[in-house]
Amino acid sequence: MTVDIEKTAGGPPGTPPTRPEAIKAIPVRHYGRYVSAVVAIALLAAVVYAFSQGKINWGAIPDYFFDDRVLTGMGKTLLITVLAMLIGIVGGILLAVMRLSKNPVTSSLAWFYIWFFRGTPVLVQLVVWFNLGLVFEYINLGPFYRDEWSDFMTPFLTALLGLGLNEAAYMAEICRAGLLAVDEGQTEAAHALGMSHAKTLRRIVVPQAMRVIVPPTGNEVINMLKTTSLVSVVQYAELFRVAQDIGQTSGAPAEMLFLAAAWYLLLTSVFSVGQYYLERYYARGSSRQLPPTPWQRVRANMFSLGRPKGGMA
């Protein structure tokens, strides 16, 4: 911004100097911001107008939004999300510890697992799990379990293994980065106090690594929620599959896809709020003052409306 300073003329010799006038700050006008805002609003209006003119039965969305089939599919989506993430987190922690191990065998096995599952698309993995019945006619676990592969590998188990084992490879790298972010002096000090390696990990390293692990893990949970839509190819009746089936029977296929998208947006928004507060919890001690929560910002803005400008309330 530019500054306009008015200088006062000096008085006669011997007279006290006059106090200079206050600086008048003149803000610089950013015309590019106004132009970009107008362009963005015009593009948004064009998109809204295009959809308003399309052949879309918007009334079908609220009619089926709380349909029992849709709610059941949403429940299955949440179930497979939670269980697959549990497998991914537990497997990721185990693989990260194996990868950092000084044992070359366990380290190499962990590297190979991560390389394989990160290098192949999750959709391909799901289809492979679903069609392993073409390779193995039976699953034989000795005296514990024996059954035909087609009966054993249900759509639910296919979705759980396909998503969970794939997620473990990504969580392994996230956990490994978090463990490496902790200073080695923490481990050396714990060992000097007589702590075992497992106890040092559990009480010293992992709690400090959580500050690094939690943010990307929250992103992985949200990504897993959306990735569950891929399990429709293995006949698992989650939200996306149910929306497709309702769209075919009701004659509103596009509307049901919009309905599924609305549910995904709602669920990811809820998960994002949970991720925010979880990150805030583990950020304690890393900064002197935690940033205000959205609710605290709203309250501060509401109370500041009644305060006079330039002074205190």
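Residues numbered from 1 in each chain as written. Predicted model: local features only at pLDDT ≥ 70, side-chain atom pairs only at ≥ 80, totals over all residues. Heavy atoms only, no water.

Enquirer: Would you mind showing me how to read the packing of helix 3 (residues 68-99) against helix 11 (residues 253-282) here?
Expert: The relative placement of two packed helices comes down to the angle between their axes together with the axis-to-axis distance. It is at 12 Å that the axes of helix 3 and helix 11 come closest, and there the two elements cross at 45 degrees. Taken together, the axes of helix 3 and helix 11 lie oblique to each other. By crossing handedness, the relation of helix 3 to helix 11 is classed as right-handed. Every residue of helix 11 that contacts helix 3 at Val-70, Leu-71, Met-74, Thr-77, Leu-78 and Thr-81 is listed here: Leu-259, Trp-263, Tyr-264, Leu-267 and Phe-271. Tallied by class, residues from the contact of helix 3 with helix 11 come to nine nonpolar, two polar and no charged. (Axes fitted to C-alpha atoms, helices over the stretch in contact; angles between N-to-C directions. Helix = DSSP H or I, 4+ residues; strand = E, 2+ residues; numbered from the N terminus. Parallel < 35°, antiparallel > 145°, perpendicular 65-115°, else oblique. Left-handed = near helix turned anticlockwise from the far one by under 90°. Contact = heavy atoms within 4.5 Å. Nonpolar A, V, L, I, M, F, W, Y, C, P; charged D, E, K, R; others polar.)

Enquirer: Just checking my understanding: could you explain the pattern of salt bridges for this structure?
Expert: Pairing between side chains of opposite charge can happen when the charged atoms of each approach one another. On inspection of all chains with the given rule, the structure shows four salt bridges. Glu-173 is the salt-bridge partner of Arg-99, the closest N and O atoms lying 3.1 Å from each other. With Arg-99 in helix 3 and Glu-173 in helix 7 (residues 155-181), the pair connects residues that are 74 residues apart, well separated along the chain. Between Arg-176 and Glu-173 there is a salt bridge, and its shortest N-O distance comes to 3.0 Å. A residue pair is termed a helical-turn pair when its members lie 3 or 4 positions apart in one helix, as Arg-176 and Glu-173 do in helix 7 at three residues. Look at the salt bridges and you will find they share partners, linking Arg-99, Arg-118, Glu-173 and Arg-176 into a network. (Salt bridge = Lys/Arg side-chain N within 4 Å of Asp/Glu carboxyl O.)

Enquirer: Any chance you could explain helix 8 (residues 184-192) here in plain terms?
Expert: An α-helical segment advances 3.6 residues per turn. Residues three or four places apart therefore align on the same side. Among the residues of helix 8, the N-terminal cap falls to Asp-183, whose side-chain oxygen and the backbone nitrogen of Gly-185 are separated by 2.7 Å. Positioned one or two residues after helix 8, Gly-194 has a phi angle of 95 degrees, which is positive. (Polar contact = N/O pair within 3.5 Å; in protein donor to acceptor, adjacent residues only side chain to side chain.)

Enquirer: Explain the side chain of Ser-232 to me, please; I cannot follow it from the model alone.
Expert: Inspection of the secondary structure puts Ser-232 in the loop between helix 9 (197-227) and helix 10 (239-250). Among the polar contacts made by the side chain of Ser-232, one reaches the main-chain carbonyl oxygen of Ser-229 at a distance of 3.0 Å. Apart from the residues within four sequence positions on either side, Ser-232 is in contact with Glu-238, Phe-240, Arg-241 and Gln-244.

Enquirer: What's the story with the packing of helix 9 against helix 11 in this structure? I'm lost.
Expert: Viewed as axis vectors pointing N to C, helix 9 and helix 11 meet at an angle of 175 degrees, and their least axial separation amounts to 10 Å. Overall, the two elements helix 9 and helix 11 adopt an arrangement that is roughly antiparallel. Facing Met-210, Arg-211, Val-214, Pro-215, Gly-218, Asn-219, Val-221, Ile-222, Leu-225 and Lys-226 of helix 9, the residues of helix 11 in contact are Tyr-264, Leu-267, Thr-268, Phe-271, Ser-272, Gln-275, Leu-278, Glu-279 and Tyr-282. When its residues are assigned to classes, the contact of helix 9 with helix 11 shows eleven nonpolar, five polar and three charged.

Enquirer: Would you mind showing me how to read the nonpolar core here?
Expert: Soluble, globular proteins show a tendency: their nonpolar side chains are buried together. Counting residues in hydrophobic clusters, the biggest one holds 22 residues, and the most contacted among them are Ile-80, Leu-163 and Val-231. Broken down by element, the residue count for this core peaks at seven residues, all from helix 7. Non-local contacts of Ile-80, meaning those with residues more than four positions away in its chain, are made with Phe-156, Ala-159, Leu-160, Leu-163, Thr-228 and Tyr-236. (Core = buried A, V, L, I, M, F, W, Y, C linked by side-chain atoms within 4.5 Å. Buried < 20%, exposed > 50% of the residue type's maximum accessible area, 1.4 Å probe, protein only.)

Enquirer: Looking at this structure, how should I read the side chain of Thr-200?
Expert: As for its placement among the helices and strands, Thr-200 is situated in helix 9. Among the polar contacts made by the side chain of Thr-200, one reaches the main-chain carbonyl oxygen of Ser-196 at a distance of 2.7 Å. In contact with Thr-200, not counting residues within four places along its chain, are Thr-187, Ala-190, His-191, Met-195 and Val-205.

Enquirer: Can you help me understand helix 10 in this one?
Expert: End to end, helix 10 covers 16 Å across twelve residues, agreeing with the expected 16 Å (1.5 Å per residue, within 8%). Every buried residue of helix 10 is listed here: Leu-239, Val-242, Ala-243, Ile-246 and Gly-247. Projected down its long axis, helix 10 carries its buried residues within an arc of 135 degrees, all on one side. In helix 10, those exposed residues whose orientation departs by more than 90 degrees from the buried face are Gln-248 and Thr-249. In this structure, the buried side of helix 10 is in contact with helix 2 (60-64), helix 3 and helix 11. Where helix 10 starts, the residue carrying a side-chain oxygen 2.8 Å from the main-chain nitrogen of Phe-240 turns out to be Glu-238. Positive phi appears at Gly-251, one or two residues downstream of helix 10, with a value of about 75 degrees. (Expected span 1.5 Å × (residues − 1). Arc of directions from axis to C-beta.)

Enquirer: Would you explain unusual backbone geometry in this entry?
Expert: Trans is the common state for peptide bonds, and a negative phi is the common state for residues other than glycine. Located in the positive-phi region is Gln-235, a residue other than glycine, with phi close to 70 degrees. With a relative accessible area of 44%, Gln-235 lands in the partly exposed category.

Enquirer: How should the confidence of the model for the protein be read in this particular structure?
Expert: Do not read the fine detail of predicted coordinates wherever pLDDT is low. For the protein, mean pLDDT is 83; residues scoring 70 or higher make up 85% of the total. Element-level mean pLDDT values for the protein span from 47 in strand 1 (residues 2-4) up to 94 in helix 4 (residues 104-119). Here residues 1-8 is a poorly scored stretch, pLDDT under 50, and it has 18 contacts once near neighbours within four places are set aside; other chains count. Confidence drops under pLDDT 50 across residues 308-313; counting only partners more than four residues distant or on other chains, this segment forms two contacts. (pLDDT = per-residue confidence, 0-100.)

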